[in-house]
Amino acid sequence: MSDITIYHNPRCGTSRNTLAMIRNSGAEPEVIEYLKTPPTRETLVALVAAAGLGVRGIMRAKETLFTELGLDDPAKTEDELIDAMIAHPILINRPIVVTPLGTCLCRPSEVVLDILPQPQCGAFAKEDGEQVIDAEGRRV
């Protein structure tokens, strides 16, 4: 079992870049495709608390469903927002990464570098070609 977990959406470029940076550190994380295997309510509440962003900070407000369900209403309680994410996992922002050093919503993807236990093993560029890590494994 890995000591790194990524709540991943393979259709998301930020999520793919984050996963690639984890692997570039030599780690093979536990990959949870949260749209196929949504977190339990208990797990989601724990992720929100560990990330320190609050429930709204973990929600994908750009998702059409967010507005359609009226989740932009400030009167919605945290319990109501959690219920919505459990019912519609697409509302969970991604990727969320858990390591021994912390839990982060990795947007932008480079945020993951702050919580990886091991340094990068070599150069890394995002899918769009943006160089993030140089040949010596240092941030650009």
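Residues numbered from 1 in each chain as written. Predicted model: local features only at pLDDT ≥ 70, side-chain atom pairs only at ≥ 80, totals over all residues. Heavy atoms only, no water.

Would you take a moment to explain the overall build of the chain for this structure?
Of the regular secondary structure elements, the chain holds five helices and six strands. Mapped from its N terminus to its C terminus, the chain presents α and β elements in the order β-α-β-α-α-α-α-β-β-β-β. Its C-alpha atoms give the chain a radius of gyration of 16 Å, near enough to 14 Å, the size a compact globule of 140 residues would have. Taken over the C-alpha atoms alone, the chain extends approximately 50 × 30 × 25 Å along its principal axes. Among the 140 residues that make up the chain, the fraction classed as buried is 44%. Of the roughly 7300 Å² of accessible surface on the chain, a fraction of 52% belongs to carbon and sulfur atoms. Each charge class in the chain was averaged separately, 14 positive and 20 negative side chains, and the resulting centres sit 4 Å apart. (Helix = DSSP H or I, 4+ residues; strand = E, 2+ residues; numbered from the N terminus. Rg over C-alpha atoms; globule rule 2.2 N^0.38 Å. Buried < 20%, exposed > 50% of the residue type's maximum accessible area, 1.4 Å probe, protein only. Areas by Shrake-Rupley, 256 points an atom, 1.4 Å probe, with all protein chains shown as cover. Lys, Arg positive; Asp, Glu negative; His and termini not counted. Charge placed at Lys NZ, Arg CZ, Asp CG, Glu CD.)

Is there a simple way to think about the sheet that holds strand E3 (residues 96-99) in this case?
Within a sheet, adjacent strands bond to each other through the backbone by hydrogen bonds, running parallel or antiparallel. The four strands lie next to each other as E2-E1-E3-E4, forming an open sheet whose pairing is mixed. In the strand order of this sheet, the two ends are held by strand E2 (30-33) and strand E4 (102-105), each with one partner. Along the sheet, successive strands turn relative to each other by an average axial angle of 15°, direction set aside. With four bridges joining them, strand E1 (residues 5-8) and E2 adopt parallel strand pairing. (Pairing = 2+ DSSP bridges. Axes fitted to C-alpha atoms, helices over the stretch in contact; angles between N-to-C directions.)

Scope: geometric values only; no functional claims are made or implied.
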